[in-house]
Amino acid sequence: MAPVTAQQLRDTARAAMLKAGGRGFVRFPERGALLVSDALRRCEDESARAALLDAMASAGFDCREEDGLLLLTPADDVLSGIACSCPCAVDWDSPRCSAQALAARWLGKARKPLTPAGRQLIIDALRLTWQDRMMDGLPALRAQAALMQRNADTSGFREAGAVIWNWCAMQEGKEDED
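Residues numbered from 1 in each chain as written. Predicted model: local features only at pLDDT ≥ 70, side-chain atom pairs only at ≥ 80, totals over all residues. Heavy atoms only, no water.

A. Just unusual backbone geometry, in detail. At Asp67, a position not held by glycine, the phi torsion is positive, near 55°. With respect to the element layout, Asp67 can be found in the loop between strand S3 (61–66) and strand S4 (69–74). The backbone of Asp132 shows a phi angle near 55°, a positive value even though the residue is not glycine. When you line up the elements, Asp132 lands in the loop between helix H5 (116–131) and helix H6 (134–150). You can call Asp132 partly exposed: its relative accessible area is 47%. (Helix = DSSP H or I, 4+ residues; strand = E, 2+ residues; numbered from the N terminus. Buried < 20%, exposed > 50% of the residue type's maximum accessible area, 1.4 Å probe, protein only.)

B. The arrangement of the pairing of S4 in detail. With five of six residues buried, S4 is to be regarded as a mostly interior element. Across three bridges, the pairing between strand S2 (residues 35–37) and S4 is antiparallel. In the strand pairing of S4, Val36 is matched with Leu71. One ladder, built from six bridges, connects S3 with S4; its direction is antiparallel. Across the sheet, residue Glu65 finds its bridge partner in S4, namely Leu70. Following S3, the chain reverses through two residues before pairing antiparallel with S4; Asp67 in that reversal takes a positive phi of roughly 55°. (Pairing = 2+ DSSP bridges.)

C. Representation of helix H2 (residues 46–58) in the model. In this model, H2 (13 residues) spans 18 Å end to end at C-alpha, consistent with the 18 Å of a helix rising 1.5 Å per residue. Looking one or two residues beyond H2, the residue adopting positive phi is Gly60, at roughly 100°. (Expected span 1.5 Å × (residues − 1).)

D. The arrangement of the packing of aromatic side chains in detail. The final tally for this structure, using the stated rule, is two aromatic pairs. The ring centre of Phe25 lies 4.0 Å from the NZ or CZ of Arg27, which sits over that ring. (Phe/Tyr/Trp six-rings, centres within 6.5 Å; stacked < 30°, edge-to-face > 60°. Lys NZ or Arg CZ within 6 Å of the ring centre and 35° of its normal.)

E. Expanded view of the environment of Leu69. Counting through the fold element by element, Leu69 comes out in strand S4. Considered as a pair, Leu69 and Asp38 are 31 residues apart in the sequence and their alpha carbons are 5.0 Å apart. Sequence-distant contacts of Leu69, defined by excluding residues within four places in its chain, comprise Phe25, Val36, Ser37, Asp38, Arg41 and Arg64. (Contact = heavy atoms within 4.5 Å.)

F. Expanded view of the packing of H5 against H6. Look at H5 against H6: their axes get within 10 Å of each other, and the N-to-C directions meet at 175°. Classified by the angle their axes make, H5 and H6 are roughly antiparallel. Residues Ala117, Gly118, Gln120, Leu121, Asp124, Ala125, Leu128 and Thr129 of H5 lie in contact with H6, whose contacting residues are Met134, Gly137, Leu141, Gln144 and Met148. A per-class count over the contact of H5 with H6 returns seven nonpolar, five polar and one charged. (Axes fitted to C-alpha atoms, helices over the stretch in contact; angles between N-to-C directions. Parallel < 35°, antiparallel > 145°, perpendicular 65-115°, else oblique. Nonpolar A, V, L, I, M, F, W, Y, C, P; charged D, E, K, R; others polar.)

G. Highlighting the sheet that holds strand S1 (residues 26–27). Read across the sheet, four strands follow the order S1-S2-S4-S3 without closing on themselves; strand pairing throughout is antiparallel. Pairing within the sheet leaves two strands with one partner each, and these edge strands are S1 and S3. Bridge count between S1 and S2: two bridges; the pairing is antiparallel. Following the sheet pairing, Val26 is matched in S2 by Ser37.

As far as function goes, none of this settles anything; it's purely spatial.
As structure tokens, this is what we get:
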């Protein structure tokens, strides 16, 4: 199974939009939903809007309209399907060892039904892969997870750990190519 990345999800949403006859941008917002699109504003009638929403749902996105924009969040079955691309063994000599260690710890958690906080943890981890700011964003992810644990909520830890681990593996692959 190939790792799920934010860019892959964006490409899936864009392809679904185009297949439904929609047009417009599909971008990553700074917070909230993983993706945002103006395709709803460009729909000519209600049937075009319905076709667009159906196409996005079929592609695995939960859609919500806000201020004329379409906010796209991967559905829980998509997020719950995120898995680690390779076995986990922390390389303590790697510049990403802290990310690997966090990922390995979270991958050890049991898979649980997603709560809103768990869903947001996964989305925030995916957003960091798109921004290529994973190492800078780790403290915020840790803080978010600590707050969740205080509320006895570890949903999304395993999936967010897989996102982080897969990002580390991709970075190692890039270094090997150089």
